[in-house]
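Okay, here's what each chain looks like letter by letter:
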Amino acid sequence: MADFYGTSGNNLINRIGSNSNDRLFGLNGNDTLTGGNGNDWLQGASGGAGTTAHIDLDVLLGGGGTDYYVLGTGNTSFYMSSGYATLRQFDIRYDWVVLANGIDYYSSRIQLQTMNISGGSAADTLISLDGNLIGVIEDRNFTTVDRGQLFLNSNQVTQGW
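Residues numbered from 1 in each chain as written. Predicted model: local features only at pLDDT ≥ 70, side-chain atom pairs only at ≥ 80, totals over all residues. Heavy atoms only, no water.

Asks: Is there a simple way to explain the sheet that holds strand β2 (residues 12-14) in this structure?
Replies: By definition, the strands of a sheet pair up through backbone hydrogen bonds, in either a parallel or an antiparallel sense. Strand order in the open sheet formed by seven strands is β2-β4-β6-β10-β14-β13-β12, and the pairing between neighbours is mixed. Each edge of the open sheet is held by one strand with a lone partner, namely β2 and β12 (110-115). Averaged over all neighbouring strand pairs, the angle between strand axes comes to 15°, with direction disregarded. Sheet topology places β12 next to strand β13 (residues 124-129); six bridges connect them, and they run antiparallel. Bridge pairing links Leu112 to Ile127 in β13. (Pairing = 2+ DSSP bridges. Helix = DSSP H or I, 4+ residues; strand = E, 2+ residues; numbered from the N terminus. Axes fitted to C-alpha atoms, helices over the stretch in contact; angles between N-to-C directions.)

Put into structure tokens, the structure is as follows:
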């Protein structure tokens, strides 16, 4: 397993072709993180994202394997005041959207709706937390899927893979 970190600016971290399990961290700025064929942790924002005036517009691309598209860790939810993450190549059979601990993904705090705002002509799934858009699953409509097949809290993920 390898960790790859961006800077506070805009980052492009690309692990295409990698078969290893990687953790990619974009930090602040508009980041594009691309996982490889392993099981990847894709986190575009840092713990402070959404708490200052900057806007994070991140793109998280999975690959083969099980990928974790991170919209929050610990007790911190990312993208709460501005910006959101676009989740590309999301495969519900293997991949997960990771939320901060304590967020009940069955509660009314999480809203799912469809709208085409990214990618091709297919509908996207918009994920909002407390009325704030935090993620867009590109070209996939998961509004009728059991939320337990889509979301995990960060404490449910074993990062020692």
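Asks: Honestly, the sheet that holds strand β11 (residues 96-99) in this entry has me stumped. Any pointers?
Replies: Spatial ordering of the open sheet is given by β1-β3-β5-β7-β11-β15, a layout of six strands whose pairing is parallel. This sheet does not close on itself; its edge strands, each paired only once, are β1 (2-5) and β15 (151-153). Between one strand and the next, the sheet's axes are offset by a mean angle of 20°, whatever the strand orientation. In this structure, β11 lies alongside β15, joined through three bridges in parallel fashion. Following the sheet pairing, Val97 is matched in β15 by Phe151.

Asks: How should the pairing of strand β14 (residues 132-137) be read in this particular structure?
Replies: The side chains of a regular strand alternate, first on one face of the sheet and then on the other. Bridge analysis of strand β10 (residues 83-88) against β14 gives three bridges, and the strand direction is parallel. The residue bridging Ala85 from the neighbouring strand is Gly135, located in β14. Here five bridges tie β13 to β14, and the two strands are oriented antiparallel to one another. If you follow Ser128 over to β14, its bridge partner there is Leu133. Taking the residues that link successive antiparallel strands as the turn, the β13-β14 hairpin has two residues, and the phi of Asp130 there is positive, at about 50°.

Asks: Help me out: how do you make sense of the packing of aromatic side chains in this one?
Replies: Each aromatic ring pair is characterised by the separation of its centres together with the angle its planes make. Per the counting criterion, the structure on display carries seven aromatic pairs. A ring pair is formed by Phe90 and Phe142, whose centres lie 5.7 Å apart and whose planes are at 65°; its orientation type is edge-to-face. One end of the pair, Phe90, is in the loop between β10 and β11; the other, Phe142, is in the loop between β14 and β15, and 52 residues separate them in sequence. For the residue pair Phe90 and Phe142, the accessibility class agrees, reading buried in each case. Ring centres 5.5 Å apart and planes at 45° place the aromatic pair Tyr105 and Tyr106 in the tilted group. Accessibility expressed as a relative area gives 51% for Tyr106, which makes it exposed. The structure contains a cluster of three or more aromatic residues connected by ring pairs, namely Tyr69, Phe90 and Phe142. (Phe/Tyr/Trp six-rings, centres within 6.5 Å; stacked < 30°, edge-to-face > 60°. Buried < 20%, exposed > 50% of the residue type's maximum accessible area, 1.4 Å probe, protein only.)

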